[in-house]
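Observations on chain architecture
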Amino acid sequence: MSSSPTLGKILPCIWWPLLLVLCVSCQAVGMARGHGPLFFNLGYAALAVTLFVLERRFPHEPQWLESDGQFWPDLLHTVLTKGLVQLAVVGGATFGIHLAIGERAAGGFWPGHWPMAAQVALGLLIAEFGLYWAHRLGHEWPWLWRFHAVHHSSTRLWFFNTGRFHFVDTFKSIVLGLPLVFAAGAPGAVFVWISGITAYIGMLTHCNVEMRFGLLNYVFNTPGLHRWHHSTDLREGNSNYGENLMVFDLLYGTFFDEARRPPVRIGIAEAMPATFAGQLRAPFVWHRYQRRAEAKPEEYFNP
Ligand SMILES: [Zn+2]
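Values in this document were obtained by computation on a predicted structure and should not be read as measured data. (Residues numbered from 1 in each chain as written. Predicted model: local features only at pLDDT ≥ 70, side-chain atom pairs only at ≥ 80, totals over all residues.)

Digging into the overall build of the chain
- Within the chain one finds 12 helices and zero strands.
- The C-alpha atoms of the chain give a radius of gyration of 19 Å, which matches the 19 Å a tight globule of 303 residues would have.
- In terms of principal-axis extent, the alpha carbons of the chain reach across some 60 × 55 × 35 Å.
- Residues classed as buried in the chain amount to 42% of the 303 residues present.
- Restricting to contacts in the chain with at least 6 residues of sequence separation, those with at least 24 account for 73%. (Helix = DSSP H or I, 4+ residues; strand = E, 2+ residues; numbered from the N terminus. Rg over C-alpha atoms; globule rule 2.2 N^0.38 Å. Buried ≥ 20, exposed ≤ 12 C-beta atoms within 10 Å, placed from the backbone. Contact = placed C-beta atoms within 7 Å.)

Considerations on unusual backbone geometry
- For Asn240, which is not glycine, the phi dihedral falls at a positive 50 degrees.
- Residue placement: Asn240 occurs in the loop between α9 (234-237) and α10 (247-252).
- Take Asn240: there are 25 C-beta atoms within 10 Å of it, and that puts it in the buried class.

Describing the environment of Ala274
- Here Ala274 is to be found in the loop between α10 and α11 (276-281).
- Residue Ala274 is classed as partly exposed on the basis of its 18 C-beta neighbours within 10 Å.
- Along the backbone, Ala274 and Gln70 are 204 residues apart, and their C-alpha atoms lie at a distance of 7.3 Å.
- Setting aside anything within four residues of it in sequence, one finds Ala274 in contact with Gly69, Glu299, Tyr300 and Phe301.

Observations concerning the packing of helix α4 (residues 116-140) against helix α5 (residues 142-152)
- Running from amino to carboxyl end, α4 crosses α5 at an angle of 105 degrees, the nearest separation of the two axes being 6 Å. If you check the angle between α4 and α5, you find them roughly perpendicular. Of the residues in α5, those touching α4 at Leu137, Gly138 and His139 are Leu144, Trp145 and His148. (Axes fitted to C-alpha atoms, helices over the stretch in contact; angles between N-to-C directions. Parallel < 35°, antiparallel > 145°, perpendicular 65-115°, else oblique.)

Considering the confidence of the model for the chain
- Taken over all residues, the pLDDT of the chain has a mean of 89, while the share at 70 or more is 90%.
- When mean pLDDT is taken per element in the chain, α10 scores highest with 98 and helix α3 (residues 71-100) scores lowest with 71. (pLDDT = per-residue confidence, 0-100.)

Focus on helix α1 (residues 5-32)
- Between its terminal C-alpha atoms α1 stretches 40 Å, which fits the 40 Å expected from 28 residues at 1.5 Å a residue.
- When the local axis directions of α1 are compared, the greatest deviation, roughly 45 degrees, occurs at Ile14, which is followed within four positions by the proline Pro17.
- Where α1 is buried, its residues touch α2 (36-57) and α7 (188-206).
- Gly34 sits one or two residues past α1 and shows a positive phi near 80 degrees. (Expected span 1.5 Å × (residues − 1). Bend = angle between axes of the 7 residues up to and from the residue.)

A few points about the packing of α4 against helix α6 (residues 167-183)
- Between α4 and α6, whose axes approach to 8 Å, the crossing angle comes to 150 degrees. In terms of orientation, α4 and α6 fall into the roughly antiparallel class. The interaxial crossing formed by α4 with α6 has right-handed handedness. Residue-level contacts link Gly123, Ile126, Ala127, Phe129, Gly130, Leu131, Trp133, Ala134, His135 and Gly138 of α4 to Asp169, Lys172, Ser173, Leu176, Gly177, Leu178, Leu180 and Val181 of α6.
- When the residues that make up the contact of α4 with α6 are grouped by side-chain class, the tally is 10 nonpolar, six polar and two charged. (Left-handed = near helix turned anticlockwise from the far one by under 90°. Nonpolar A, V, L, I, M, F, W, Y, C, P; charged D, E, K, R; others polar.)

Quick notes on the environment of His148
- Tracing the sequence through the fold places His148 in helix α5.
- Residue class for His148 comes out buried when judged on the 23 C-beta atoms lying within 10 Å of it.
- Through-space distance from the C-alpha of His148 to that of Phe165 is 6.9 Å; in sequence the pair is 17 residues apart.
- With sequence-adjacent residues up to four places away left out, His148 is seen in contact with Gly138, His139 and Asp169.

Structure representation (structure tokens):
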């Protein structure tokens, strides 16, 4: 039995806002009850399971459902590099502060009297400035690109490779993103919110679910915009650097969206080793590995 045509048109428009609102609501309930980290993790796990199901039921690119042989590297990057760096740095700076010394009071010029939603929006905007430049430099500085190339070497997008980042790349983004918010005097709860929303939007951004975004594209980093960002064509790929918000892409002229389908074939021009250990090492011995790829292409997974 086929889905009704009306539902088929409505569902792609509501998935993205619906899933984000549900995740944010889950975190709000947790924080109101003093269990912010627990409810964040529950929301994150539920989002992963939901996207796994939706990707199989409503895929954007059916071709991306096929294995690329990168399950273990993706998982290990998520847990051992991105996961650990994030836990150590963000955990220390956000959940750690929140739990160990209690609510960090708003300081400096921070408008602590604003409603929390407005404070979180301000925090996201300030963090975005650092995250935008961290990401853009990761593409435009060749030495930093080698680390970011690990993430872009994926030949398909799905929720599971959201965490496929070299630890140096993750560290760079955090170091450029969060201190600005800290210096602005944001309270601990704002850090918890920024971390949660960034994680939720990050996973949604990489999902392979057929969705429509409309005007949301001009505010948030959506899967539709991010698929252009993973294009092998640099006129499309060197764009849409926003982590959560698109304001700085619009401001600096790096916003890219066209009324056609983003490419199915995504990835990088350079060679990337097929193993997790090789991918960790590759940025440090970049040229040697590029030469080696010509002699031993079987050790490299990206075509
Ligand atoms: Zn990128």
